[in-house]
Every structure is written in structure tokens, then in C-alpha cells.
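Letter by letter, the chains look like this.
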Amino acid sequence: MWSCITDFFTYETTKSVVVKSWTIGIINRVVQLLIITYFIGWVFLHEKAYQVRDTAIESSVMTKVKGFGIYNNKVMDVADYVTPTQGASVFCVITKLITTENQVQGYCPESEMKYRCTHDSNCTKYLNKPGGYGVPTGRCVRFNDTMKTCQIRGWCPAEIDYIKTEPMMEVENFTIFIKNSIRFPLFNYTKGNFLPTITSTYIKTCNFDMVNNTYCPIFRVGDVVRYAQQNFSILAHKGGVIGIKIGWMCDLDKAEDQCNPSYSFTRLDAMSQNNVVSPGYNFRFAKYYKMDNGTDYRTLVKAYAIRFDVLVNGNAGKFNMIPTLINMVAAFTSVGVGTVLCDIILLNFLKGAEQYKAKKFEEVSDAELDTNSNGLYRSQLSVRHDVKLSSDSGAFSLGQYS
């Protein structure tokens, strides 16, 4: 117990030992150089740790599609093939339609082949379960001259969605106009993708490309699909989702014209293109009408489309003294890692490690001080016992000799 108490009430102070060794000296300087290089090159120059950054970007996106196509001998304009019509950041360009006209509420046979039947007992198992296009009644009725299917109650006639149709290939040459405004609230900095050098004449004639027109806000659909590394013919047949990414990486310590958008493109539903169950992208919508006698009827449309998602991200940085001081302190503190590494090598792996330990660690007790005749303690491990110069710092200097 007494030993524990005496060990607890002890005090440790730093003792300097100078080791004149080429090996440990080179290791120490190399480690320090690597740490300094890391902080200067990566932390300060590349990551710009001297800046305070704003990642809470605020963004507004407006879009507009232009072009004319021909589908089923009909000329299609923007109102026919773009949905929704508000010009938001997410919109669809329809490439293929399967239309079921003049549907009214009533009873009719299912059109899906899995509902084929020969008598009513084949259909009762579907009761109280959702059917393909309506509510099953449990009856087996005639579909055509060669087969029967289960009857449903709903919008009739039921949709036949396995009809093969060709997509509207003119979509490849349609253009997408994107207007994007952003704001970094921390710095109250606003800007848009319409750069000051862009004129109305340039807008009317330019199309975005990765080399010559990197800031043109008009994108040809075929080019967007190609930049996303997709095949337009396959995409037009099955549909898909393409992401148009606008990145704003701004260094506000530089001139304002250095803060410009960068565009990239990707397939967002990459998993669905390899899925045999539900490949691509499609959706249904209906147009409703009323007969003279007040009966409602509708035209059901199954649309295959290319959906475009305009995604905006970015961050801005500006010099600030607080992160600069924090990272400078971290840099100076990290230089001490070299000392820790060198101590581990020095005290455990180098020849003469025991001698180094004896010089580095020394115990002093009150009893030793009391037995000293002049009241001053002299270590038995001191390099020089007899001479104490005024310029002596108290550090030990050890040399390695072969």
C-alpha cells in the first residue's frame, strides 16, 4: 500500500538527450519533412483548409424542351410529349405510347394471359385479390374466338400493353433549355449558369458540348444520352432515367468569373436496365371525356419515356482566420509525431538501446537530495560531473561510436 501511495505522488519532468546518430537523425528529418509537405501540399493547397466552406447550396431550376416529332402519323409537339408541363427540374420526354381508347365503366374480360380460363372455378381463386386491370368477379367469359379469360369490373375494354410499337426517334434531336440559379447563404453569394459573356445570339445557335461550348445552357437529348454512355435506341424503346448534374465548386477568394458551373451526365436507374422483370421507365395517365348522355369515358395511355433529373450540388469556400489558425496548430503539433517515432526506434531497435534508456529516464528521490552535502543533486549518469558552464542547457549529448 505504501508503495502504491509513493508511486502515485510522483512528478515527471522533461529531460533533453541529444543523440548524435546519422540513422536516427535522418529518420527524424524525413518524417518531419513528410508531415510538413502533407500539410502544405494537401491540407492547405489542395483541400484549402484555410477557408470556411458553405455546402448548404440553395438552387432553382427551370427547364424547357423544344422539338417536333411524328408518331402514328401525327405531329407531336411539346404539349404532347412532355410531362409534367411546369418546366421543373424533373420532367419526362415521352418516346412511345400504347393507347386504349373509349374506356367506360363496366364488365369485360381480362387481357393478360395469366387469367386464361375454361370455367368459373379457374377464376374464383382471384376473388378478393387485385386483378390486372380491375376487380375480379370470379366468372370465366369469352375474350375472343379462341380463348376465354376471367372477367373484371373496371374500365373496359381492358388495356393490351404488349402491342409492339416503334418509338419516336425524332426525340434524339430535341433540345433541353436549363436555367439554374444558385445561392450560398453563408456568404450571400448568388450566381446563375447564364455567364456574363453569353448573348441572346449565342443562345439561339449554341448546343452544349464538352469541348467548345461547356457553358451553353441548351442540351441536345442525343448528346445527353451519349454523355451518359447509353444507347438512344434502347433507351427510346424501354425508357430510363438520366441525371444531368450541375456542380458549383467556387473559390470566392478568386475573381467572380472563376465560379462557373460544370456539367456531368449519368444513368440513374442503372439497375433497372438489367432487370428482366421491370426494365426501363414507363407510366400511365388518362384523358377523361363525357358523352352527351353524361356517361364518362377516357383514353388510357401507357407511356415509355426518358426521365431527366437535373441535380444541383456544390460548395463555396472563403478565407477565414479561425480554420487557418486551427490547421496551423494541428500542423505544428503533428511535427511532434516524428519525435515519438524516433523514440520508439531509438529505445527498442537501435544498437545501444539500453544506454539510451539509462540516459533518458532517471529517478530522483528526496532521500538522495538530503544525503548530498551541499544540498544539490548530481546524477550519477551526468555526462560531466566536475564542470558546469554557464552556457550549459542541461541537455545530455550522446554520440554513437563504432
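These lines cover the structure that appears in this document, whether it is placed above or below. If you're wondering where the values come from, they're calculated on a predicted model, not measured in any experiment.

About the criteria used
Residues numbered from 1 in each chain as written. Predicted model: local features only at pLDDT ≥ 70, side-chain atom pairs only at ≥ 80, totals over all residues. Heavy atoms only, no water. Helix = DSSP H or I, 4+ residues; strand = E, 2+ residues; numbered from the N terminus. Buried < 20%, exposed > 50% of the residue type's maximum accessible area, 1.4 Å probe, protein only. Contact = heavy atoms within 4.5 Å. Areas by Shrake-Rupley, 256 points an atom, 1.4 Å probe, with all protein chains shown as cover. Patch = residues over 30% accessible without salt bridge, like charges linked within 9 Å, V, L, I, M, F, W, Y side chains within 5 Å. Salt bridge = Lys/Arg side-chain N within 4 Å of Asp/Glu carboxyl O. Expected span 1.5 Å × (residues − 1). Arc of directions from axis to C-beta. Core = buried A, V, L, I, M, F, W, Y, C linked by side-chain atoms within 4.5 Å.

This next bit is on the overall build of the protein. When helices and strands are tallied, the protein shows ten helices and 18 strands. Here the protein holds 402 residues, and the buried ones make up 37% of them. Residue pairs in contact within the protein that sit at least 24 positions apart in sequence constitute 68% of those at least 6 positions apart. When the accessible area of the protein is evaluated, it comes to approximately 25400 Å², of which 56% is carbon and sulfur surface.

Turning our eyes to something else, we now look at a nonpolar patch on the surface. Where nonpolar side chains cluster on the molecular surface, the patch consists of M1, W2, I5, F8 and F9 and spans about 730 Å² of accessible area. Residue position: F8 is located in helix α1 (residues 2-8). Under the relative-accessibility criterion, F8 is labelled exposed at 63%.

Our next topic: the pattern of salt bridges. Tallying each qualifying case throughout the model produces ten salt bridges. Note that R220 is salt-bridged to D223, the shortest N-O span being 2.9 Å. Taking relative accessible area as the criterion, D223 reaches 13% and is therefore assigned buried. One network of salt bridges, in which partners are shared, links E159, D161, R284 and K302.

With that settled, consider helix α8 (residues 337-348). The end-to-end C-alpha distance of α8, which contains twelve residues, comes to 17 Å, matching closely the 16 Å that a straight helix rising 1.5 Å per residue would cover. Buried residues along α8 sit in contact with β1 (17-20), α2 (22-46), α7 (321-335) and α9 (353-360).

All of the buried residues along α9 are A353, Y356 and K359. Projected down its long axis, α9 carries its buried residues within an arc of 125°, all on one side.

What follows deals with the nonpolar core. If you look at the biggest cluster of nonpolar residues, it comprises 53 residues, and the most contacted ones within it are Y81, F265 and F308. If we skip the residues at most four places from it in the chain, Y81 touches V65, K66, G67, F68, M76, C92, V93, I94, M168 and F174.

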